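# Observations on chain architecture
Below, each chain spelled out in residue letters.
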Amino acid sequence: MSKNNFIKNPVNYTRNVGNYIFGSGSISNLDSILNKRKKEVDGEIIIFIDKYFKNENKFLKKNTLGKKDILFYVDTEKEPDTVIVNKFSNLILENQNLNPSTVVGIGGGSTMDISKAVSNLLTNPGKAEDYQGWDLLKNPSIYKIGIPTIFGTGSESTRTCVMTNSITGLKLGMNSNYSIFDQIILDPDLTMSVPRNQYFWTGVDTYIHCIESLNGNYRNVISDSYSLQALKLCKDIFHSDDMMDHVNRSKMAVASYLGGCAIASSFLGLIHPLSAGLSVVLGLHHGVANCIVMRAMKEFYNEEYLEFWEMVNRQSVHIPSGVCNLLTEDQYESLYNSTIIHEKPLTNALGSSFKEILTKKKVKEIFKKM
Ligand code: NAD
Ligand code: ZN
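Residues numbered from 1 in each chain as written. Chains lettered and ligands numbered in written order. Predicted model: local features only at pLDDT ≥ 70, side-chain atom pairs only at ≥ 80, totals over all residues. Heavy atoms only, no water.

## Quick word on the coordination of the zinc ion (ligand 2)
When a metal holds four donors in a tetrahedron, each ideal angle between them is 109.5 degrees; when it holds six in an octahedron, the ideal angles are 90 or 180 degrees. Let me state the cut-off plainly: Metal donors were taken as nitrogen, oxygen and sulfur atoms no farther than 2.8 Å from the ion, or 3.2 Å where the ion is Na, K or Ca. Water is excluded, so coordination may look unfinished. Per the convention used, a helix needs a DSSP run of H or I reaching at least four residues, while a strand needs a run of E reaching at least two, with both numbered from the N terminus. For each residue, the accessible area found with a 1.4 Å probe, counting protein chains only, is set against the maximum for its type, and the residue is called buried under 20%, exposed over 50%, and partly exposed in between.
Around the zinc ion (ligand 2), the protein contributes the donor atoms Asp205 (OD), Asp205 (OD), His209 (NE2), His272 (NE2) and His286 (NE2), at 2.1 to 2.6 Å from the metal centre. For the zinc ion (ligand 2), all donor residues lie on one chain, and their spacing in sequence is D-x3-H-x62-H-x13-H. Taken as a pair, His209 in helix 4 (residues 196-214) and His272 in helix 7 (residues 271-282) lie far apart in primary sequence, 63 residues in all. Taking the relative accessible area as the measure of exposure, His272 reaches 9% and is therefore buried.

As structure tokens, then:
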């Protein structure tokens, strides 16, 4: 893997999140942000919130939402697919009384991605699957606000919203500057309730974004700068005594944000395509699937492999094993197909002849180690 051609790769037409608020308790700004938008722009507010928060009213004052504003609870048992994104968009578009001005996503990567995808579809005709790819959206989305309640995916700062195509099985986002939030709120207090394993699985996604970007062929000065700082924060957090203490939760908020900026200006590597295979074929969620893939990454990312397992031990978290034991040949074939389809990150990791390295036999061998 080349580490030395980072000056050659230009970053074209990317942008950053419009505005951000950061800090303990900063969620209290949501009411005033929404009230200000209501004064400035006509139209309804559509909120997507992780179902986990159904019985907690810590986000909004009672009278902030008007009669026509809508609150959708998102079930994260399954990660987003094109069916759910189309379903939410159609519910809004088919209601003639609605003319939404603002979309809000409150939750993890799943909920934030659904809010981004729906806000894109409210101004771009067609279905979610029409826009899976790079720069396919024609029109700016509805103004959107992102509020992570768990940190690591970087969805709050990336230019994508990931979903699985329910027909082809392709796990791919709407990569576009229109997928970037206009406003985000990064409040570390929101992550206090996250279970430890989940906190690690999602948090370490940032570590993995950065090591993939830093070991790739498409390195450049901007993504390197974001990645190096995000990686440093991840190392501080996961080598410390308690990854969830107050300081570390604040660091995690910033690491996730910077890691998202890094991948918005670069590409991922080998871990994410393999992880996408596990998600598509075995239904494993993104964070835990990445961690499972790390079981097989000694050969490709030796230094980071060793550090990853040191961090797992340090935080005493659980990473499932043996998930690919007893699979059928058809399942291995599907795993191969849903991995090898990710040309951009695989080229970034292994060069344009990546298929010569990742033969069917080799990919099966890799999955068997998990
Ligand atoms: P998630 O959104 O699926 O949430 C994981 C779990 O944590 C859920 O059970 C949820 O209910 C729970 N949870 C969230 N906040 C909580 C809180 N404060 N307290 C208690 N429980 C809480 O998981 P994720 O790892 O954040 O997101 C994964 C998704 O993000 C995948 O679909 C993945 O493909 C996508 N992703 C997107 C990007 C991007 O750039 N858009 C990048 C990486 C991953
Ligand atoms: Zn990821």
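Moving on from the model shown.
## Focus: the sheet that holds strand 5 (residues 133-134)
Two modes of strand pairing occur in sheets, parallel and antiparallel, and in both the strands are linked by backbone hydrogen bonds. We count it as follows: Only when DSSP finds a minimum of two bridges between them are two strands counted as paired.
Spatially, 5-8-7 is the arrangement adopted by the three strands of the open sheet, whose pairing is mixed. Unpaired on one side and paired on the other, strand 5 and strand 7 (162-164) mark the two borders of the sheet.

## With respect to the packing of aromatic side chains
Counted only if it meets this: Aromatic rings from Phe, Tyr and Trp, with only the six-membered ring used for Trp, were paired whenever their centres fell within 6.5 Å, and each pair was classed as stacked if the ring planes differed by under 30 degrees, edge-to-face if by over 60, and tilted otherwise.
All told, the structure shown has 10 aromatic pairs when counted by the stated rule. Ring geometry for Phe200 and Phe308: centres 6.0 Å apart, planes at 55°, overall tilted. Taken together, the residues span a long stretch of sequence, with Phe200 in helix 4 and Phe308 in helix 9 (residues 302-315) at a distance of 108 residues. Exposure remark for Phe200: the relative accessible area of 0% places this residue in the buried category. Here Phe308 and Trp309 contribute two aromatic rings whose centre-to-centre distance is 4.9 Å and whose plane-to-plane angle is 85°, an arrangement assigned as edge-to-face. Judged on exposure class, the residue Phe308 and its partner Trp309 are both buried.

## Some points on the site of ligand 1
Stated formally: Definition of nearness: a residue and a molecule or strand are near each other if at least one heavy atom of the residue lies within 4 Å of the molecule or strand. What qualifies as a polar contact is a pair of N or O atoms within 3.5 Å, subject to a donor-acceptor requirement within protein and to the restriction that residues adjacent in sequence count only when both atoms come from side chains. Amino acids are sorted into nonpolar (Ala, Val, Leu, Ile, Met, Phe, Trp, Tyr, Cys and Pro), charged (Asp, Glu, Lys and Arg) and polar (every other residue, Gly among them).
Taken together, 27 residues lie around ligand 1, and Gly109, Ser110, Thr158, Ser193 and Thr202 are the ones closest in. Between ligand 1 and Thr149, the relevant distance is 2.8 Å, taken from a nitrogen atom to a side-chain nitrogen or oxygen of the residue. Residue Thr160 places a main-chain N or O atom 3.1 Å away from a nitrogen atom belonging to ligand 1. Where the shell around ligand 1 is concerned, the elements lending two or more residues are helix 3 (109-121) and helix 4. With four residues, helix 4 is the largest single contributor of residues to the shell around ligand 1. In the shell around ligand 1, the residues fall into eight nonpolar, 14 polar and five charged.

## A closer look at the pattern of salt bridges
Convention followed: In what follows, salt bridge is the name for a side-chain nitrogen of Lys or Arg lying within 4 Å of a carboxyl oxygen of Asp or Glu.
Inspection of the entire model under this criterion finds 17 salt bridges. We note a salt bridge from Lys51 to Asp75, for which the minimum N-O separation is 3.6 Å. Of this pair, Lys51 sits in the loop between strand 2 (45-50) and strand 3 (70-74) while Asp75 sits in the loop between strand 3 and helix 2 (82-93); the two residues are 24 residues apart in sequence, bridging distant segments of the chain. The partly exposed category is assigned to Lys51, whose relative accessible area is 42%. Judged by relative accessible area, Asp75 falls into the partly exposed class, the value being 41%. Among the ionic pairs, Asp135 bridges to Arg159, the shortest N-O distance being 2.8 Å. Within this pair, whereas Asp135 is found in the loop between strand 5 and strand 6 (143-148), its partner Arg159 is found in the loop between strand 6 and strand 7, the two being separated by 24 residues in sequence. Judged by its relative accessible area of 13%, Arg159 falls in the buried class. Each of Lys232, Asp236 and Lys251 takes part in a single network of salt bridges with overlapping partners.

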